[in-house]
Amino acid sequence: MRVAIAEFFIAIGLNDKKIYGEYHVTDTTPVLEIRDLHKAYGQLEVIKGVDITAHKGDVVSLIGSSGSGKSTILRCANLLEDSQQGEILFQGEAVKWKGDGMARVPADAKQVLRIRTNLSMVFQQFNLWAHMTILQNVMEAPVTVLGRDKEEVEAKARLYLEKVGIGDKCDVYPAQLSGGQQQRAAIARGLCMEPQALLFDEPTSALDPELEQEVIKVIKSLAEEGRTMLIVTHDMKMAADISSHVVFLHQGLIEEEGAPDRLFGAPKSERLKQFLSSTVHV
Ligand code: ADP
Ligand code: MG
């Protein structure tokens, strides 16, 4: 099959290795793959062997009770937290480690930066810089971390702010915005990095119900655009609406996973049934 594809590109005059390479990365290699992840805080083992795969365009939702390990998995995935066992692969490239067990840390700082800058994280509490305007917030990382041209970044930042519906808020400070607007600014900031995937940690939990909807609408539009996303959420309606795959975590393990229709419509595990019946449906 691979040979056939290569021959096809050569036949139509596209024998550029780059195109051939991109074809394979795009279609067969997951953007993010977590294999047998284990993570402990001291004696407390919180992730006990978890596998998660997100191909390009997948929207994977992580659900489960508070303390089940959802945030920890996201933080391990973008290497904000160290983990003791298991592999994390970004576009097929495995994170290099040095040391073992509690002493295990990433071995290659450049690789960490490359992976982290390709996985934009959106937090529950927005984490915008209070002393910068919204436009400066969105421009900061592409300019200072990626070293991109300031004018180009500004043009993109304005576009992304427009896209999330706050194009008129470029010059105000975070404190002057509602929670929903701040979260949309944080999403624009994530998008301006032009990452391969977006990681959301309870993006609507800090918002009043009426402001939640405007953020959900933006996340939904990103899903429809085919962006690769990992979303930790307590919002089962959103998870059911936009996910391609849902993972239910219980005490650091995957208790059940599947397509949203099946998982929400016909849960198998008693724990998942219990969890779903205790969750408020909007
Ligand atoms: P969730 O996001 O599903 O609510 P977390 O991933 O935040 O769960 O937490 C999983 C477990 O790890 C919980 O028992 C929590 O108390 C513990 N935990 C999280 N962060 C830390 C930390 N920095 N130090 C010690 N324990 C932590
Ligand atoms: Mg959490």
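Up top you'll find the structure we're talking about.
Quick summary incoming for the structure in this document. What you see is a predicted model, and the numbers here were worked out from it, not measured in a lab. (Residues numbered from 1 in each chain as written. Chains lettered and ligands numbered in written order. Predicted model: local features only at pLDDT ≥ 70, side-chain atom pairs only at ≥ 80, totals over all residues. Heavy atoms only, no water.)

### Observations concerning the site of ligand 1
In step 1: Around ligand 1 sit Tyr41, Val46, Ser65, Ser66, Gly67, Ser68, Gly69, Lys70, Ser71 and Thr72, and that is every residue in its neighbourhood.
In step 2: In this structure, a nitrogen atom belonging to ligand 1 sits 3.4 Å away from a side-chain N or O atom of Tyr41.
In step 3: Between an oxygen atom of ligand 1 and a main-chain N or O atom of Gly69, the distance comes to 3.0 Å.
In step 4: Here the shell around ligand 1 takes three residues from helix H3 (residues 70–77), the largest share from any one element.
In step 5: Grouping the constituent residues of the shell around ligand 1 by class yields two nonpolar, seven polar and one charged. (Near = heavy atom within 4 Å. Polar contact = N/O pair within 3.5 Å; in protein donor to acceptor, adjacent residues only side chain to side chain. Helix = DSSP H or I, 4+ residues; strand = E, 2+ residues; numbered from the N terminus. Nonpolar A, V, L, I, M, F, W, Y, C, P; charged D, E, K, R; others polar.)

### Brief notes about the pattern of salt bridges
In step 1: Under the criterion given, the structure shown has 14 salt bridges.
In step 2: With a shortest N-O distance of 2.9 Å, Arg184 and Glu214 are connected by a salt bridge. Of this pair, Arg184 sits in helix H7 (residues 179–192) while Glu214 sits in helix H8 (residues 209–224), and the two are 30 residues apart along the sequence.
In step 3: For Arg184, a relative accessible area of 10% corresponds to the buried category.
In step 4: The exposure class assigned to Glu214 is partly exposed, which follows from its relative accessible area of 24%.
In step 5: Within the structure, one salt-bridge network assembled from shared partners comprises Lys39, Arg75 and Glu81. (Salt bridge = Lys/Arg side-chain N within 4 Å of Asp/Glu carboxyl O. Buried < 20%, exposed > 50% of the residue type's maximum accessible area, 1.4 Å probe, protein only.)

### Details of the layout of surface pockets
In step 1: Approximately 430 Å³ is the volume found for the largest pocket.
In step 2: Contributing to the lining of the largest pocket are 18 residues, with Arg116, Ser120, Met121, Ala141 and Met193 lying nearest its centre.
In step 3: Mapped onto the lining of the largest pocket, the elements with two or more residues apiece are helix H4 (109–117), strand E8 (119–122) and H7.
In step 4: Ranked by the residues each element gives to the lining of the largest pocket, the list is headed by E8, at four residues. (1 Å grid on protein atoms, 1.4 Å probe; cavity = no way out; pocket = protein on both sides within 12 Å on 5 of 7 lines; lining within 4 Å. Points joined across faces, edges and corners; volume = space filled by probe spheres on them.)

### Section: empty space enclosed by the protein
In step 1: All told, the structure shown has one cavity of 30 Å³ or more when counted by the stated rule.
In step 2: There is about 40 Å³ of room inside the largest cavity.
In step 3: Every residue along the wall of the largest cavity is listed here: Val31, Leu32, Ala54, Leu119, Ala197, Leu199, Thr228, Met229 and Leu230.
In step 4: Among the secondary structure elements, those contributing two or more residues to the lining of the largest cavity are strand E9 (197–201) and strand E10 (229–232).
In step 5: Residue classes in the lining of the largest cavity are distributed as eight nonpolar, one polar and no charged.

Limitation: the analysis is restricted to geometry and does not speak to function.
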